[in-house]
Amino acid sequence: MKAWVILDRDGVINRDSADYIKSLAEWQPLPGSIEAIARLSGAGFQVAVATNQSGLGRGLIPAPQLAAMHAALTHLVREAGGEIAGIFYCPHEPAVGCPCRKPGIGLFEAIARRFAVDLKGQPAIGDSLRDLVAARRAGCRPLLVRTGNGRRTETELAQASDRDLAAVPVYEDLAAAAEALIGARP
Ligand SMILES: [Mg+2]
Ligand SMILES: [Zn+2]
């Protein structure tokens, strides 16, 4: 069985902003993140991205800009010797109540369907509580990074009454999480 890893985008791969990442110019990879994805690929992981992009539904992010960001991400990872299998995003505003916006699991289900894979037990890396909750609901193994909202989320986890969430492993950034995953491969 192939190993998969599901990545959140904003705050994990690139810098996040409370004002949304609305253009290619605002899309700035975090230090080491592109190389980390390439290393995951090299170690045999299939990498997919699952990201909430409600700025689309709110009319704040032009669709061509989102496409440009994802083309840039795909290109940079390829240049670094890696591969992203797919980038799955939820374009809906929360008020729509769609099943794909995390903490919903629609994006995970879409990945599983597209690639005919079972994501049970596969790692999913995020910086926000909703990433971790979605991952767990989808049967994946959530990992937290301290980049983006990660430090705030770490505090939330420490206060969580939910034991499983409190036990989510925490890494400094995507590079550190990737190294841990690669090191744990049989
Ligand atoms: Mg995020
Ligand atoms: Zn959605």
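Structural data are supplied above this passage.
Since the model is a prediction, treat every value here as computed from it, not as a measurement.

## Points about the overall build of the protein
- Helix and strand content of the protein: eight helices and six strands.
- In the protein, the order of α-helices and β-strands from amino to carboxyl end is β-α-β-α-α-β-α-β-α-β-α-α-β-α.
- The principal-axis extent of the C-alpha atoms belonging to the protein is close to 45 × 40 × 30 Å.
- Every one of the 186 residues in the protein was classed for burial, and the buried ones make up 47%.
- Once local pairs closer than 6 in sequence are excluded, the contacts in the protein between residues at least 24 apart make up 68%.
- Surface exposure of the protein reaches about 8,600 Å², of which carbon and sulfur atoms provide 52%.

## Regarding the layout of surface pockets
- The computed volume of the largest pocket comes to approximately 320 Å³.
- Contributing elements (two or more residues each) for the lining of the largest pocket: strand E2 (45–52) and helix H5 (129–137).
- Residue composition of the lining of the largest pocket, by class: three nonpolar, seven polar and nine charged.

## A look at empty space enclosed by the protein
- This structure, assessed with the given rule, holds one cavity of 30 Å³ or more.
- Approximately 40 Å³ is the volume found for the largest cavity.
- Along its surface, the largest cavity is lined by Ile6, Leu7, Asp8, Ala50, Lys102, Phe108, Ala124, Ile125 and Asp131.
- Of all elements in the fold, only strand E1 (3–7) and strand E4 (123–126) reach the threshold of two or more residues within the lining of the largest cavity.
- Among the residues forming the lining of the largest cavity, the class breakdown is six nonpolar, no polar and three charged.

## A look at the sheet that holds E1
- Strand order in the open sheet formed by six strands is E3-E2-E1-E4-E5-E6, with parallel pairing between adjacent strands. Where the open sheet ends on each side, the last strands, each with one partner, are strand E3 (86–90) and strand E6 (170–171).
- As judged from the five bridges shared by E1 and E2, these two strands associate in the parallel manner. Residue Leu7 lies in a different strand from E2, and its bridge partner there is Val49.

## Considerations on the coordination of the zinc ion (ligand 2)
- Bound to the zinc ion (ligand 2) are the protein donor atoms Cys90 (SG), His92 (ND1), Cys98 (SG) and Cys100 (SG), situated 2.0 to 2.2 Å from the metal.
- A residue is classified by how much of its surface remains accessible, and Cys90, at 1% relative accessible area, is buried.

## Remarks on the packing of aromatic side chains
- Under the definition given, this model contains two aromatic pairs.
- When the centroid spacing of 5.0 Å and the interplanar angle of 40° are considered together, the rings of Trp4 and Phe115 count as tilted. Taken as a pair, Trp4 in strand E1 and Phe115 in helix H4 (residues 106–115) lie far apart in primary sequence, 111 residues in all.
- On the basis of relative accessible area, Phe115 is assigned to the partly exposed category, the value being 27%.
- Centroid distance Phe88 to Phe115: 6.2 Å. Interplanar angle 70°. Geometry classified as edge-to-face.

Rules of the game
- The written sequence of each chain sets the order in which its residues are numbered from 1.
- Going through the entries in the order they are written, you letter the chains from A and number the ligands from 1.
- Totals for whole chains, interfaces and linings use all residues, but because this is a predicted model, local features are given only for residues with pLDDT of at least 70 and pairs of side-chain atoms are given and counted only at 80 or more.
- Excluded from the side-chain calculation are hydrogens and water; included are all heavy atoms of the structure.
- Going along the chain from the N terminus, every DSSP run of H or I of four or more residues is numbered as a helix, and every run of E of two or more is numbered as a strand.
- Under the scheme applied here, a residue whose accessible area is under 20% of the maximum for its type counts as buried, over 50% as exposed, and between as partly exposed, the area being computed with a 1.4 Å probe on protein chains only.
- Any two residues whose heavy atoms approach within 4.5 Å are treated as being in contact.
- All accessible areas in this document rest on Shrake-Rupley with a 1.4 Å probe, and a residue is counted as covered only by the protein chains that are shown.
- Using a 1 Å grid laid over the protein atoms alone, points where a 1.4 Å probe fits but cannot get out form a cavity; open sets with protein on both sides within 12 Å along at least 5 of 7 lines form a pocket; any residue with an atom within 4 Å of a point counts as lining.
- Grid points are joined across faces, edges and corners, and a volume is the space filled by probe spheres set on the points.
- Put simply, Ala, Val, Leu, Ile, Met, Phe, Trp, Tyr, Cys and Pro go in the nonpolar bin, Asp, Glu, Lys and Arg in the charged bin, and everything else, Gly too, in the polar bin.
- In this description, strands pair whenever DSSP reports at least two bridges between them.
- The rule for donors is simple: an N, O or S atom within 2.8 Å of the metal counts, and for Na, K and Ca the reach is 3.2 Å. Water is not among the atoms, so a site may look short of donors.
- The criterion for an aromatic pair is that two Phe, Tyr or Trp rings (for Trp, the six-membered ring) have centres within 6.5 Å, with stacked assigned to planes under 30 degrees apart, edge-to-face to planes over 60 apart and tilted to the rest.

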